[in-house]
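Residue-level structural notes
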Amino acid sequence: LLQGRKLWALLPPHVPKEVVQPTPKLHGGREAVAWWANVYPKLAAATDPDHRPLTLVQTAGETVYVPGGWWHCVLNLDVTVAVTQNLCPRSSFDSVWRRVVKSRPKMSKRLAERLAVDEPLLHQRTVELAKLPPEEKGGDSSSSS
């Protein structure tokens, strides 16, 4: 973070989606402020300690690493300037690729085209994964918010 402060809530991947993103839709939709106003107070007081978010305030000069699959919601507390980066190590490629194909199909097609040029072996893996039946594509319990 270069300037400002950010409020973070993180939950491990084994916390069910229904807990982190309850329905019906929140007043305010999927905006972070709606989650903080409507969901966070309930989770912070949850009887199940696994459902209580790890909460922190990031200040200028600090870096926050969010492990793959962890739920997270971030709220800017001030005017902020930040640099973000997503990481996909080769060891996690299969699970990340399955998630991207499911959640961002148009982006996954563009990424596959780039991989064909820049990373032919990873592109070949996308082709192999596409041939697997849906039940074999599973096995990754993590999701992102």
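Residues numbered from 1 in each chain as written. Predicted model: local features only at pLDDT ≥ 70, side-chain atom pairs only at ≥ 80, totals over all residues. Heavy atoms only, no water.

Observations concerning the packing of helix α4 (residues 93-103) against helix α6 (residues 120-131)
Note the threshold: Structural elements are reduced to axes, namely lines fitted to C-alpha atoms, with helices fitted over the stretch in contact, and the angle between N-to-C directions of any two is expressed from 0 to 180 degrees. Think of it this way: any DSSP run of H or I at least four residues long counts as a helix, any run of E at least two long counts as a strand, and we number them from the N terminus. Here is the rule for handedness: rotate from the far helix to the near one, and if that takes an anticlockwise turn smaller than a right angle the crossing is left-handed, while a clockwise turn gives right-handed. Between two residues, a contact is recorded if the distance between any of their heavy atoms is within 4.5 Å. In this count, Pro and Cys sit with the nonpolar residues alongside Ala, Val, Leu, Ile, Met, Phe, Trp and Tyr, while Asp, Glu, Lys and Arg are called charged and the others, Gly among them, polar.
Two elements in contact, α4 and α6, have axes whose closest approach is 11 Å; the angle formed by their N-to-C orientations is 60 degrees. Our pair here, α4 against α6, has a crossing hand that is right-handed. Across from Phe93, Asp94, Trp97 and Arg98 in α4, the residues of α6 making contact are Leu122, Arg125, Thr126 and Leu129. Class assignment of the residues belonging to the contact of α4 with α6 gives a composition of four nonpolar, one polar and three charged.

A look at the sheet that holds strand β2 (residues 54-59)
To keep things clear, this is the line we draw: Between any two strands, at least two bridges found by DSSP are needed for them to pair.
Read across the open sheet, the three strands follow the order β2-β1-β3; overall the sheet is antiparallel. The open sheet terminates on both sides in strands that have one partner only, identified here as β2 and β3 (71-76). Within the sheet, the average angular offset between the axes of one strand and its neighbour, ignoring direction, is 20 degrees. The pairing of strand β1 (residues 5-11) with β3 spans six bridges and is antiparallel. Residue pairing for β3: Lys6 is matched across the bridge by Asn76.

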